[in-house]
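Chain residues, written in single-letter form:
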2 protein chains.
Amino acid sequence: MKPKLTLKQIARELDVSVSTVSKALRDSVEISEETRVKIKAFAKLYNYKPNNIALSLKNRKTRTIGIVLPEIVHDFFATVIGGIEEVANKHGYNVIICVSNNSFDKEVMNMEMLANGSTDGFILSVAKETQQKEDYHHLTEVISQGMPIVLFDRVVDQIVCDKVIIDDTEGAKKAVQHLLDIGCSKVGIVTTVDYVSVGKLRTEGYIEALRENGMEVNNDLILKIEDMDHSDEEIMNFINTTDLDGVFAVNEQFSTSAIKALYKKGIKVPEDVKVVSFSDGELSRRFLPSLTTINQHGTEIGARAAEMLIERLEDQNSNGKMFRTEMIKTSLIERESTKCKKISSSYI
Amino acid sequence: MKPKLTLKQIARELDVSVSTVSKALRDSVEISEETRVKIKAFAKLYNYKPNNIALSLKNRKTRTIGIVLPEIVHDFFATVIGGIEEVANKHGYNVIICVSNNSFDKEVMNMEMLANGSTDGFILSVAKETQQKEDYHHLTEVISQGMPIVLFDRVVDQIVCDKVIIDDTEGAKKAVQHLLDIGCSKVGIVTTVDYVSVGKLRTEGYIEALRENGMEVNNDLILKIEDMDHSDEEIMNFINTTDLDGVFAVNEQFSTSAIKALYKKGIKVPEDVKVVSFSDGELSRRFLPSLTTINQHGTEIGARAAEMLIERLEDQNSNGKMFRTEMIKTSLIERESTKCKKISSSYI
DNA sequence: TTGTACGCGTTATCAC
DNA sequence: GTGATAACGCGTACAA
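What you see is a predicted model; the values in this text were computed from it and never measured. (Residues numbered from 1 in each chain as written. Chains lettered and ligands numbered in written order. Predicted model: local features only at pLDDT ≥ 70, side-chain atom pairs only at ≥ 80, totals over all residues. Heavy atoms only, no water.)

(A) Examining the protein's contact with DNA strand D more closely. Around DNA strand D lies a shell of 26 residues, among which Thr20, Lys23 and Thr35 of chain A together with Leu7 and Tyr48 of chain B are the nearest. Restricting the count to atoms of DNA strand D within 4 Å of the protein gives a sugar and phosphate share of 60%. Of the residues contributing to the surface near DNA strand D, the split by class is eight nonpolar, nine polar and nine charged. (Near = heavy atom within 4 Å. Nonpolar A, V, L, I, M, F, W, Y, C, P; charged D, E, K, R; others polar.)

(B) Representation of the relation of the copies chain A and chain B within the structure. Turning chain A through 180° and shifting it by 0.1 Å along the axis lays it on chain B, with an RMSD of 0.3 Å. Taken together, these values place the two copies in the relation of a two-fold axis. Judged by C-alpha distance, Ile96 of chain A is the residue of chain A that lies nearest the rotation axis, at 2.2 Å. Take the interface residues of chain A: 100% of them recur as interface residues in chain B, which is what a same-surface contact looks like. (Least-squares fit on C-alpha atoms with pLDDT ≥ 70 in both. Contact = heavy atoms within 4.5 Å.)

(C) Spotlight on the sheet that holds strand β7 (residues 222-225) of chain A. Residue and element names in this part refer to chain A. Taken in spatial order, the six strands make up an open sheet running β7-β6-β8-β9-β10-β12, and their pairing is mixed. Single-partner strands in this sheet number two, and they are β7 and β12 (331-333). In this sheet, neighbouring strand axes are inclined to one another by 20° on average, regardless of whether the strands run parallel or antiparallel. In terms of strand pairing, strand β8 (residues 246-249) meets strand β9 (residues 274-278) through four bridges, oriented parallel. Residue pairing in the sheet places Val247 in a bridge with Val275 of β9. Together, β6 (187-192), β8, β9, β10 (292-295) and β12 form the strand contacts of helix α9 (residues 168-181), whose direction differs from that of β9 by roughly 170°. (Pairing = 2+ DSSP bridges. Helix = DSSP H or I, 4+ residues; strand = E, 2+ residues; numbered from the N terminus. Axes fitted to C-alpha atoms, helices over the stretch in contact; angles between N-to-C directions.)

(D) Highlighting the pattern of salt bridges. Within this structure, the stated rule accounts for 46 salt bridges over all chains. Taking the shortest distance from any N to any O, the salt bridge between Asp315 of chain A and Lys321 of chain A comes out at 2.8 Å. Here Asp315 of chain A falls in the partly exposed class, since its relative accessible area comes to 23%. With a shortest N-O distance of 2.7 Å, Arg304 of chain B and Glu326 of chain B are connected by a salt bridge. With Arg304 of chain B in helix α14 (residues 298-314) and Glu326 of chain B in strand β11 (residues 325-328), this pair connects stretches of sequence that are 22 residues apart. Residue class for Glu326 of chain B comes out partly exposed when judged on its relative accessible area of 23%. Among the ionic contacts, a cluster of salt bridges with common partners joins Asp27, Glu33, Arg36 and Lys40 of chain A. (Salt bridge = Lys/Arg side-chain N within 4 Å of Asp/Glu carboxyl O. Buried < 20%, exposed > 50% of the residue type's maximum accessible area, 1.4 Å probe, protein only.)

(E) A look at the UniProt feature "domain: HTH lacI-type" (unreviewed entry) in chain A. Within the UniProt annotation, "domain: HTH lacI-type" (unreviewed entry) is assigned to residues 5-59 of chain A. Structurally, residues 5-59 of chain A comprises 67% helix and 0% strand, and the distance from its first C-alpha atom to its last is 20 Å. (UniProt positions renumbered as here; feature names shortened; annotations may be inferred.)

(F) Just the protein's contact with DNA strand C, in detail. Taken together, 26 residues lie around DNA strand C, and Lys8 and Tyr48 of chain A together with Ser19, Thr20 and Lys23 of chain B are the ones closest in. Among the atoms of DNA strand C lying within 4 Å of the protein, the sugar-phosphate backbone contributes 61%. Interatomic distance of 2.5 Å between a side-chain N/O atom of Thr20 of chain B and a phosphate oxygen of DNA strand C. The contact in question runs from a phosphate oxygen of DNA strand C to an N or O atom on the side chain of Thr35 of chain B, over 2.7 Å. At the level of secondary structure, the elements contributing two or more residues to the surface near DNA strand C comprise α1 (7-14), α2 (18-25) and α4 (52-59) of chain A together with α2 (18-25) and α4 (52-59) of chain B. (Polar contact = N/O pair within 3.5 Å; in protein donor to acceptor, adjacent residues only side chain to side chain.)

(G) Fine view of the environment of Thr241 of chain A. All names here are of chain A. Secondary-structure assignment places Thr241 in the loop between α11 (231-240) and β8. On the accessibility criterion, Thr241 (61% relative accessible area) is exposed. Polar contacts involving the side chain of Thr241 include one to the main-chain carbonyl oxygen of Asn237, which spans 2.9 Å.

(H) A look at the packing of aromatic side chains. Applying the stated criterion across every chain yields a total of nine aromatic pairs over all chains. On the basis of an interplanar angle of 50° and a centroid distance of 6.4 Å, the ring pair of Phe248 of chain A and Phe278 of chain A is categorised as tilted. Residue Phe248 of chain A is located in strand β8, and its partner Phe278 of chain A is located in strand β9; the two are separated by 30 residues in the primary sequence. A relative accessible area of 0% means that Phe278 of chain A is categorised as buried. Clustering of aromatic rings is evident, with ring pairs tying together Phe76, Phe77 and Phe152 of chain A. It is Arg202 of chain B that lies over the ring of Phe278 of chain B; its NZ or CZ is 3.7 Å from the centre. (Phe/Tyr/Trp six-rings, centres within 6.5 Å; stacked < 30°, edge-to-face > 60°. Lys NZ or Arg CZ within 6 Å of the ring centre and 35° of its normal.)

(I) Up close: the interface of chain A and chain B. The interface is formed by 56 residues belonging to chain A together with 56 residues belonging to chain B. Across the chain A/chain B interface, buried area totals approximately 4,900 Å², and carbon plus sulfur atoms make up 56% of it. With a closest N to O distance of 3.7 Å, Arg286 of chain A and Asp232 of chain B form a salt bridge. In this assembly, chain A and chain B are joined by 22 residue pairs in polar contact (both at pLDDT 80 or more). Sorting the residues of the side of chain A that touches chain B by element identifies α4, α5 (75-90), β2 (94-99), α6 (104-115), α8 (137-144), α12 (252-264) and α13 (282-286) of chain A as the ones contributing at least two each. (Buried area = accessible area lost by both parts, 1.4 Å probe.)

Below, the structure is given as C-alpha cells:
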C-alpha cells in the first residue's frame, strides 16, 4: 500500500521546496526548464494528483453540486440526475446525491450536511412533507449563506432563486386535446389532491382544454386521489361508476391502474377507451398496450438546472443577476393506448 | 448574505482564542463552565457548524462513500442506492454517486476524481465495457492507495476485495422450478450471450433445474439475445417458432417482450403460457398480467455493501482482515403471470 | 483555565 | 530561478 503522493513528498524526494514543485507542475515560467521537466516527469511517473480536499479548502470552492431529491426509484428523477451529471462533468463538477425519501427531517439533515463545505450549490426538488409543512427555513438559510439553489419540479413560490419547471398545465392540455382530437367526448381525469402543486396544475390544464373546446366540466369525471396507498381501490371504484371514453392520468401509476380497472370491467384500451399518461418512463414504453404519454424531458430539465447553477457559481458578480424561472415544454408521444383504427383512415 | 461562521470569527467576537472556542464546543473539561456556556450559546445562536472540508483535511477522512454505477435509470440500481444511503447515513456517512454509463473511460475518470480525496472508499458495479476490456487498473490503483472497495452485482474475480453478489444460479433455478411445479413441461429461457456474467449464471441455473428434475435440455428452447438493440425482434422470432408452455426471462425487458410476442401470436399469459422474470421492479408489479419474479433484494445488497465498507473504514487494523464475498439469496414473488386456477385447488 | 504552535495539502505572494 | 511564509478552518499537544 502506497499512500497518495503529496507535493511535500515530491519536494523531499527531489530535494527542492514545496513551492517549487507546485509552480513547476503548474507550468510557471519562474521555474527553469530543467527542474520543471524533472519534477513533471517524477510526478507523472508516480501518478501525482492534487488533493481535492486541500484545493477545496484553499479555494473555498468544492466544484461539487449537491442534489437533493424526494426519491430515486423513479424514472423521472433518474433521468434528471442523468442530465445534471452530464452537464456537471462537462464543466468539471462533481455531484453529490442525497435522498430525502419525502421526509422533511431528512431533507433538512441532508442540506445541512452538504452545506457545511461539501458543495458549492444545490439542485433540489422538495419533499412532499416539506411542501405540506410549508417550512422552508433550510432553503432560506442556505441561500443567505451565499450558496445558490436551483429548484426543479416541485418548486416553492416563496423561495427566491432560479427554477426549472415543467409546463404542467400546457402538458395536461396537450394530453386532453389529443384525446378530444381523436374523438373522445367523455374524458375523465385521475389526478392528485390540490395541495400537490403539479397535480393541481395538471388538473387546471385538463379543465382549460375542455373549456377551450367548448365542453363543460363534469366533476363526476374528475378523480382526485386522496390516499396514495389506496389509489388502486379509488381508481377501481371511479372506473366502475363512471362512463368514459377517454382517460387522462397524471402519472404512470394511475394510468396503469386505470387500464387494469377498465380491463376488469371488460372494457378494452384503446378500442373502447383511450388513455394518455403524464410522465414518460420505462413503464409506459413497455406496458401492454404501450402508453401515449406526455414526456417531461427529465434529461433536459436536469441539464438546464445544472447550467443555471454553474453559471451562477462561476459568475463573479452573480449577486446582481435576476433569478430566472425556466419553463420546459412537454411533448406528446403517441403509442398504442390512443391508437384508433376507425378514424385513422380519415387522417391519411 | 452572511458567510458561514468560523471558529476564528467566534473567537474574535468573544475575545478569546480559537482553541478555546474549539475546546469549549467539544465540551473539553479544560474550559471553565462560564466561558464554555458563553461560547456554546453564541455558537448556537449564530448556528455554527464546523466546516466539513477542513475536518476532512485534518482527519484525512471524508466520511463519504463513492458509488460508481453503470446506469441509474434502472430500478435495481436505484434500490441498491437506497440501501447504501440508508446504512451510510445511519453511520454519519455521506454518499457521492457517479454514473459511468457503461463507458470504461467515464468509469476511470469518475474513480480518479473521487479518489483524490473526495471519498474514503468505493462501492461499485463495473461498466459493461470494462468487463469486456478486462482492464481493471483503476481498481487496483485505488486499492493500492489504501482505499477499500466493495464490488457488487457485476463483480470481477481478479480483483481482491469485498464483494456482494446475488446468487444468480440459485435464483434462476427457483424460477424454473416454480414453472415446473405448476405443471409446465416445455420451459424456454430468454437470456443473454454468455460473456455477460449474470446472464451466463442464470442460464446455468435454468439448465441445472431441468436436469435435477430429470428433464433434458433442448437447445431450441434457449434464446441468447445477441443484439440488445434488436431484442424485440429476436424474441418475437423465437416465440413464433417455438412451442412452449413456460418462459423464464432473465430481466423485465425480455419478459415483457416475450409476453407481447405471445399475445401477438394469440397465446395468453398465464392461461396458456406461464412466465417468470428475473429482477423485481415497478414494471413487474404494474404490468398486465403482473409478473412473477425473482427478487434480487437490491436494498439489502446496498445495505450489506455499505456495512462491509464502513466496517473496513472504521476498523483500525482492517488490513489483516480477510476479504469476504457475501451471497444474497433471491426470493420468488408470485404474481399473475404464473397463476394457474386449474390445479390451485389441489394445493389447498 | 487559557493560549500558542503545528499540521493536514495546496497555492499566492514576497523575499532572496 | 528558487524558497520561505501565510492562509484556507479545524483540532490538539504542549506551554504558560
